[in-house]
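Architecture at a glance
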Amino acid sequence: MKLNALLSKVLLIAIASAALPASAALEGILLTPQNGQPAKHLAVLLHGYGSNEQDLLPLSDALASNYAVLSLRAPQALGGDRYAWYREGKDESQDVDRAREEVVERIHQIQRQLAVVPSATLVAGFSQGAVVSWSIALQSPTVVGGAAIFSGRLPVKLPAQPTSAAGTTLPNVFVGHGQADNRIAIQREEQAVSVAKQRGYRVSFHRYVALGHGISSQELKDFSLWSAGLNARTPSS
């Protein structure tokens, strides 16, 4: 998608989303599907520390044209249009749990509004947003059909697998991480992948040799291929 087209679309949808009920606290941007048809799938984007809801919008170009895209703003303001999902340290576990609950509430709201089922919904997060995405996939597995993790790790004090996950179809998981990441070491992501696999999740794990703490063009291609497969496997209604 061209930048000018994306910006005009953001402005139009931002006006529409202003009319959404205020029952879910998180603000964000809702993009309608690029094919101009009613949404068949929903992607929920969670940005990293110190960024905002505009940061991951380019991920929408990697998705099929029948996706609506909801990009959420983290709840903790840092100043200067910068936000965070949690405070690192002793408050992290509590903050992540609260962030997960708020994101899940907003997802449920938009799923109802667009008539998109959980199995046709994916959550994608970078850095802190990836930590929250892991939390959703592992602690609220019935909410989404897929989770894309970019440069993340497990939340601290991860609880045992919820009993609600028993007998349910677990989300498919895409994981991408740079081997040169000096902010979140790839070993922490490997631990997360190991835990997910032990719990029965299907994980597609991609390592990128020269990549630091970011998202590469190859990673976007791999994510696009993975999401296309997810799109083909999930029901459209």
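Bear in mind the structure is a predicted one, so any value in this text is a computation, not a measurement.

**Describing the nonpolar core**
- One finds Leu46, Trp85, Val103 and Trp134 to be the most contacted residues of the largest nonpolar core, which totals 45 residues.
- At the level of secondary structure, the elements contributing two or more residues to this core comprise β2 (41-46), β3 (67-72), α2 (92-114), α3 (128-139), β7 (146-150), β8 (172-178), α4 (186-198) and β9 (203-208).
- Here this core gets seven residues from one element, more than from any other, and that element is α3.
- Formed by 22 residues, the second largest nonpolar core is a distinct cluster that contains Ala43, Leu56, Val69 and Phe126.

**Some thoughts on the sheet that holds strand β1 (residues 28-31)**
- Read from one edge to the other, the open sheet built from seven strands follows the order β1-β3-β2-β6-β7-β8-β9, with strand pairing classed as mixed. In this open sheet, the two edge strands, each paired with only one partner strand, are β1 and β9. Between one strand axis and the next, the sheet turns through 10 degrees on average, direction left out of account.
- Relative to β3, β1 runs antiparallel, the two being bridged by four bridges. Opposite Leu30, over in β3, you have Leu70 as the bridge partner.
- Of the strands in this sheet, β2, β6 (121-126), β7 and β8 are in contact with α3, which crosses β6 at around 145 degrees.

**Some details on α4**
- Spanning 13 residues, α4 covers 18 Å between terminal C-alpha atoms, matching the ideal 18 Å at 1.5 Å per step.
- Turning to α4, its buried residues number three or more, namely Ile186, Glu189, Ala192, Val193, Val195 and Ala196.
- If you follow the buried residues of α4, they end up packed against α3, β7, β8 and β9.
- Trailing α4 by a residue or two, Gly200 shows a phi angle of about 95 degrees, which is positive.

**Looking at the packing of aromatic side chains**
- Within this structure, the stated rule accounts for five aromatic pairs.
- Taken together through their ring pairs, the aromatic side chains of Phe150, Phe174, Phe223 and Trp226 make up a single cluster.

**A word on α3**
- In this model α3 runs 16 Å from its N-terminal to its C-terminal C-alpha over 12 residues, within 8% of the 16 Å that 1.5 Å per residue would give.
- α3 sits mainly inside the fold: 12 of its 12 residues count as buried.

**A few points about the confidence of the model for the protein**
- Of all residues in the protein, 85% have pLDDT values of 70 or greater, and the mean over the chain is 88.
- Across residues 1-24 the pLDDT falls below 50, and counting only partners more than four positions away or on other chains, this stretch makes 29 contacts in the model.

**With respect to the side chain of Ser51**
- Turning to its location among the elements, Ser51 is positioned in the loop between β2 and β3.
- Residue classification places Ser51 among the buried residues on the basis of a relative accessible area of 14%.
- Within the local environment of Ser51, its side chain forms a polar contact with the side chain of Asp55, the two groups lying 3.4 Å apart.
- Those residues in contact with Ser51 that lie beyond four places of it in its chain are Asp81, Arg82 and Tyr83.

**Details of the pairing of β2**
- β2 sits mainly inside the fold: six of its six residues count as buried.
- With burial as the criterion, each face of β2 is covered, one bearing His41, Ala43 and Leu45 and the other bearing Leu42, Val44 and Leu46.
- Both β2 and β6 contribute to a ladder of five bridges, which runs parallel. Note on β6: the bridge partner recorded for Leu42 is Thr121.

What counts as what
- Residues numbered from 1 in each chain as written.
- Predicted model: local features only at pLDDT ≥ 70, side-chain atom pairs only at ≥ 80, totals over all residues.
- Heavy atoms only, no water.
- Core = buried A, V, L, I, M, F, W, Y, C linked by side-chain atoms within 4.5 Å.
- Buried < 20%, exposed > 50% of the residue type's maximum accessible area, 1.4 Å probe, protein only.
- Helix = DSSP H or I, 4+ residues; strand = E, 2+ residues; numbered from the N terminus.
- Pairing = 2+ DSSP bridges.
- Axes fitted to C-alpha atoms, helices over the stretch in contact; angles between N-to-C directions.
- Contact = heavy atoms within 4.5 Å.
- Expected span 1.5 Å × (residues − 1).
- Phe/Tyr/Trp six-rings, centres within 6.5 Å; stacked < 30°, edge-to-face > 60°.
- pLDDT = per-residue confidence, 0-100.
- Polar contact = N/O pair within 3.5 Å; in protein donor to acceptor, adjacent residues only side chain to side chain.

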